[in-house]
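Structural overview for review
Listed here are the chains, written in short residue letters.
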Amino acid sequence: MSFSRLIRTVQLGLKSLMLHKLRSGLTMLGIVFGVFSVIAMLAIGEGASAQAQKQIVALGATNIIVRSIKPVEGSSSDTSQGGTPRYGLLRSDFRRLTKTIPTVLDAIPIRELPREARFLRHTMNCRLVGCTAEYVAINHLGLLKGRFLTDADQQNLANVVVLASDVATKLFPTEDPLGKALQVDSMYYTVIGVTADRTPSAGIGGSLAAQDFNKDLYIPINTFRVRLGDQIFTPKQGGMDSEYVELNQITLSVKTVDDVLKTADAVRGTLEKFHTQKDFAVVVPLELLKQADQLRQIFNIVLGSIAAISLIVGGIGIMNIMLATVTERTREIGIRRALGARQRDIIEQFLTETVVLSGSGGLLGVGLGLMTPYAFLLIRWVTFNFILDTKRGTLSETTRMFSEMQPTVALWSLPLAFGISVGIGILFGLYPAHAAAKLDPIEALRHE
Amino acid sequence: MKLAAQVVDLTKFYDLGPAIPVAGANDELQYAPIAANEGRILVKALRGVSIDFPEGDFVAVMGSSGSGKSTLLNVLGGLDRPTTGHYVLGGEDVSQMDDVELSHVRNQKIGFIFQSYNLIMQYTVLENIELPLQYRPGYPALSAADHEWCLNLAKKVGLGDRLDHRPFQLSGGQQQRVAVARSMVNDPEIILADEPTGNLDSATGIEIMEMLWALNREGRTIIMVTHEHDIAEWAKRQIVMRDGLVHKETRTRPVHDTSDPVPHRRMASANV
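Residues numbered from 1 in each chain as written. Chains lettered and ligands numbered in written order. Predicted model: local features only at pLDDT ≥ 70, side-chain atom pairs only at ≥ 80, totals over all residues. Heavy atoms only, no water.

As for the overall build of chain B
Of the regular secondary structure elements, chain B holds eight helices and 11 strands. Within chain B, buried positions represent 50% of all 272 residues. Of the roughly 12,300 Å² of accessible surface on chain B, 52% is carried by carbon and sulfur atoms. (Helix = DSSP H or I, 4+ residues; strand = E, 2+ residues; numbered from the N terminus. Buried < 20%, exposed > 50% of the residue type's maximum accessible area, 1.4 Å probe, protein only. Areas by Shrake-Rupley, 256 points an atom, 1.4 Å probe, with all protein chains shown as cover.)

Here it is as structure tokens:
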């Protein structure tokens, strides 16, 4: 088909469609919403997975996290310290990993305990984290005020603490925390810095539970060891409970993403040799990232298919209207055939009409689809202001995810949805067009 | 004499499906328009029609309904294929062409004028006249010359001031004029008029016949189907069909006669 003829056929199609504006408009709506829902569904899916991915990336794609886990009760736990369960990563593990695996660039030993922090009358349940100076770099942590821990602090066993942002605002609502003495248990630490806000991580399966980093207190790990020790006693009914843990976590970082998986294997192998019980877990954010990517694909396929159903419904609407149109315009078809139109010309005419219909519907749908993030904002606003009626802080994990999710329109979904709408036009226009072309011209001319 | 069109021994049978044997059926049945043949019911709409249409002739085909005149017109118009026989149009046998070739023939060699005008409602007068040009072989875009040509045709049928009107804004006579202009747009070999005055009052009918006569005087070959005798009188030759055969053929005027076809008008002008 030559270009001028294509233009002519499209003009003809537009003309016929404009004859029945309401009917064409309503038919088009089916496609408009079909395309819109495809784009919107994909945007929401994309938004949800982007959030998960952001969290995983925050863990660091080049990082490997080794966590201590408490072995299941009744398994062969080592109770050499007079009934105290002893498990988890050891300082010797840390030395071994950093010395023997050459791809390991940096490593931080981490020790954590839930503790109550106090300043004057203010108290807060915090997490006391013993770590080293590298912690800030590996976790991409920003500093609001002051400085982070240094190697000198480690060597001097300094009684210093860096506060996470929430702790700083809660315990020091009116004054500058720097230089103040923060009380944890019976000991005092001098505040030397405050970190910037850090997004809490949701539980990503495995041994990484959901963590809220904004309630952390960072102290040098050597200080932690000296002040609190490895054996921790916690009061319980009728006595004391105790457990012996040297390190809760070792975060390793490697140079490039390619090194991650083999390093993780090496770490696993090394640790398994020296641990008789399964009291550690290796978490590789990169693997999680890949899993999240697969999850996103599944998400997209499922959501996209649901949306595609509405596109098909729109297509059936088009087919219905076109069949009615063919019956209505039988006479016109007869006239055209008598004046020299081939069957192919009739097919092309009707097919162009459906494609113009579905194509313009598709364009409108793409336009609407681009509005998805704003539509989502509106829905969220309505939900939180009129339906849920909750105050922040009492939100569950899911609602918080909902409140923080940002749908992003995937650029590739625009041509895809538009293409599908045109394809639907062709698919569902083919039968009516064929029915029109197959009409006997004599019968068609006689049609009233 | 050069022939614009010629049909030779044309037959057209319609198969209505298997025959149900009827007690007492005899051989006479095969002469009836409906006949049983090899266990099937055949409608023999045309049973061997041969007619020559010389160039410049004006032929009226008459006959009662069921006589086969509509079938003959469909075959002549390239809308239907004969069962046997030949139909030569402009020196080319078109009797067994496929749909694509026949569409081409309809577009290039035949001009249609229908009883019910058959204009496209959403098109203007000018667009209706241009319609056959849309299906020209090779589908060239409309040129300025094409446009000029269609404008001239519209002026010729007296619709130069109604170019942007739609068919429903026109009277029946005006619509038929559009159809006449449309029938000539591709400069056809023959013009087929199917009861061109059937939907018009007699005064308007005469206007249209004047127009056809004027076309014929220019040398156009016109084949017209009608059942009105006074309309058939405008033609130079009258063919009466009956039971799928040519029943009677009368030539009232020679092929290249250009005199006024209406006898009393002719007489009136002679008396002056």
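Examining the packing of aromatic side chains
Two descriptors summarise a pair of aromatic rings, namely the distance from one centre to the other and the angle between the planes of the rings. Under the defined criterion, the tally for this structure stands at five aromatic pairs over all chains. When the ring of Tyr135 of chain A is compared with that of Phe148 of chain A, the centres are 6.3 Å apart and the planes differ by 10°; the resulting orientation is stacked. Of this pair, Tyr135 of chain A sits in helix H4 (residues 135-138) while Phe148 of chain A sits in the loop between strand E6 (143-146) and helix H5 (151-156), and the two are 13 residues apart along the sequence. Accessibility expressed as a relative area gives 6% for Phe148 of chain A, which makes it buried. Between Phe112 of chain B and Phe114 of chain B, the ring centres sit 5.3 Å apart and the planes meet at 5°, which makes this aromatic pair stacked. For the pair Phe112 of chain B and Phe114 of chain B, a shared accessibility class is recorded, and that class is buried. Three or more aromatic residues joined by ring pairs form one cluster here, namely Tyr135, Phe148 and Tyr218 of chain A. Lying across the ring of Tyr139 of chain B, Arg5 of chain A places its NZ or CZ 3.7 Å from the centre. The side chain of Arg217 of chain B reaches across the aromatic face of Trp213 of chain B, ending 4.5 Å from its centre. (Phe/Tyr/Trp six-rings, centres within 6.5 Å; stacked < 30°, edge-to-face > 60°. Lys NZ or Arg CZ within 6 Å of the ring centre and 35° of its normal.)

Quick word on the pairing of strand E5 (residues 122-131) of chain A
Residues and elements named next belong to chain A. Burial of E5 is extensive: seven of the 10 residues sit out of reach of the surface. With nine bridges joining them, strand E4 (residues 104-119) and E5 adopt antiparallel strand pairing. Residue Arg111 lies in a different strand from E5, and its bridge partner there is Gly130. The turn linking E4 back onto E5 is made up of two residues, and Leu120 within it adopts a positive phi angle of 50°. As paired strands, E5 and strand E10 (residues 216-220) are joined by five bridges and run parallel to one another. Bridge pairing in E10 places Leu128 opposite Leu217. (Pairing = 2+ DSSP bridges.)

So, the packing of helix H11 (residues 343-370) of chain A against helix H14 (residues 413-437) of chain A
Residues and elements named next belong to chain A. Interhelical geometry of H11 versus H14 gives an angle of 155° and a closest axis separation of 7 Å. The pairing of H11 with H14 is recorded here as roughly antiparallel in orientation. By crossing handedness, the relation of H11 to H14 is classed as right-handed. (Axes fitted to C-alpha atoms, helices over the stretch in contact; angles between N-to-C directions. Parallel < 35°, antiparallel > 145°, perpendicular 65-115°, else oblique. Left-handed = near helix turned anticlockwise from the far one by under 90°.)

Some remarks on the sheet that holds strand E9 (residues 221-225) of chain B
Residues and elements named next belong to chain B. The mixed open sheet is built from six strands, whose spatial order is E7-E8-E9-E4-E10-E11. The open sheet has two free edges, formed respectively by strand E7 (110-113) and strand E11 (245-251), since each of these has just one partner strand. Neighbour-to-neighbour, the strand axes of this sheet turn through a mean angle of 20°, independent of strand direction. For strand E8 (residues 190-194) and E9, the ladder comprises five bridges, and the chain directions are parallel. The residue of E9 that forms the bridge with Asp194 is Val225. Sheet strands touched by helix H2 (residues 99-109): E7 and E8. Its angle to E7, the strand with the most contacts, is close to 75°. (Contact = heavy atoms within 4.5 Å.)

Quick word on the interface of chain A and chain B
Counting residues at the interface gives 26 residues for chain A, matched by 26 residues for chain B. Both faces combined, the contact of chain A with chain B buries some 2,300 Å², and carbon together with sulfur accounts for 55% of it. Our count for the chain A to chain B interface comes out at two salt bridges. Linking Lys15 of chain A and Glu127 of chain B is a salt bridge whose minimum nitrogen-to-oxygen distance equals 2.5 Å. Where chain A meets chain B, there are 14 residue pairs in polar contact (both at pLDDT 80 or more). Sorting the residues of the side of chain A that touches chain B by element identifies helix H1 (3-19), helix H10 (330-338), H11 and helix H15 (441-446) of chain A as the ones contributing at least two each. At seven residues, H1 of chain A tops the list of elements feeding residues into the side of chain A that touches chain B. Split into classes, the residues belonging to the side of chain A that touches chain B amount to nine nonpolar, six polar and 11 charged. (Buried area = accessible area lost by both parts, 1.4 Å probe. Salt bridge = Lys/Arg side-chain N within 4 Å of Asp/Glu carboxyl O. Polar contact = N/O pair within 3.5 Å; in protein donor to acceptor, adjacent residues only side chain to side chain. Nonpolar A, V, L, I, M, F, W, Y, C, P; charged D, E, K, R; others polar.)

Looking at unusual backbone geometry
Residues and elements named next belong to chain B. The backbone of Tyr117 sits at a positive phi, close to 65°, despite the residue not being glycine. Relative to the assigned elements, Tyr117 resides in the loop between E7 and helix H3 (125-130). Classification of Tyr117 by relative accessible area gives buried; the value is 10%.

Some thoughts on the environment of Ser183 of chain B
All names here are of chain B. Note that Ser183 resides in helix H5 (residues 172-183). Remark: the alpha-carbon pair of Ser183 and Ile113, spanning 70 residues in sequence, is separated by 6.4 Å. A polar contact of 2.6 Å, which involves the side chain of Ser183, links it to the backbone oxygen of Val180.

Quick look at helix H6 (residues 202-217) of chain B
Residues and elements named next belong to chain B. Compared with an ideal rise of 1.5 Å per residue, which puts 16 residues at 22 Å, H6 spans 22 Å between its outermost C-alpha atoms and is within 8% of the ideal. Turning to H6, its buried residues number three or more, namely Thr204, Gly205, Ile208, Met209, Met211, Leu212, Trp213, Leu215 and Asn216. For H6, the N-terminal cap is Asp201; the gap from its side-chain oxygen to the backbone nitrogen of Ala203 is 3.2 Å. One or two positions beyond H6, positive phi appears at Gly219, with a value near 110°. (Expected span 1.5 Å × (residues − 1).)

Examining a nonpolar patch on the surface
Residue and element names in this part refer to chain A. A contiguous nonpolar patch, built from Leu22, Leu26, Leu29, Phe33, Leu368, Met371, Tyr374 and Leu377 and spanning about 810 Å² of accessible area, is present on the exposed surface. Contributions of two or more residues to the nonpolar patch are made by helix H2 (21-59) and helix H12 (372-387). Sorting elements by how many residues they give to the nonpolar patch places H2 first, with four residues. (Patch = residues over 30% accessible without salt bridge, like charges linked within 9 Å, V, L, I, M, F, W, Y side chains within 5 Å.)

Some points on the pattern of salt bridges
All names here are of chain A. Taken as a whole and assessed by the stated rule, the structure comprises 35 salt bridges over all chains. With a shortest N-O distance of 3.2 Å, Arg96 and Asp93 are connected by a salt bridge. Of this pair, Arg96 and Asp93 are both found in helix H3 (residues 91-100), three residues apart, which corresponds to roughly one turn of the helix. Among the residues examined, Arg96 registers a relative accessible area of 22% and is labelled partly exposed. A salt bridge links Arg329 to Glu332, with the shortest nitrogen-to-oxygen separation between them at 3.0 Å. Grouping residues by exposure puts Arg329 and Glu332 together as buried. Overlapping salt bridges, with partners in common, bring together Arg5, Arg342, Arg344, Asp345 and Glu348 in one network.

Remarks on the environment of His247 of chain B
Residues and elements named next belong to chain B. The residue His247 is located in strand E11 in this model. Among the residues examined, His247 registers a relative accessible area of 42% and is labelled partly exposed. Note: C-alpha distance between His247 and Gly63 (184 residues apart in sequence) is 8.9 Å. In this structure His247 touches Val240, Met241 and Arg242, once residues within four positions along its chain are discounted.

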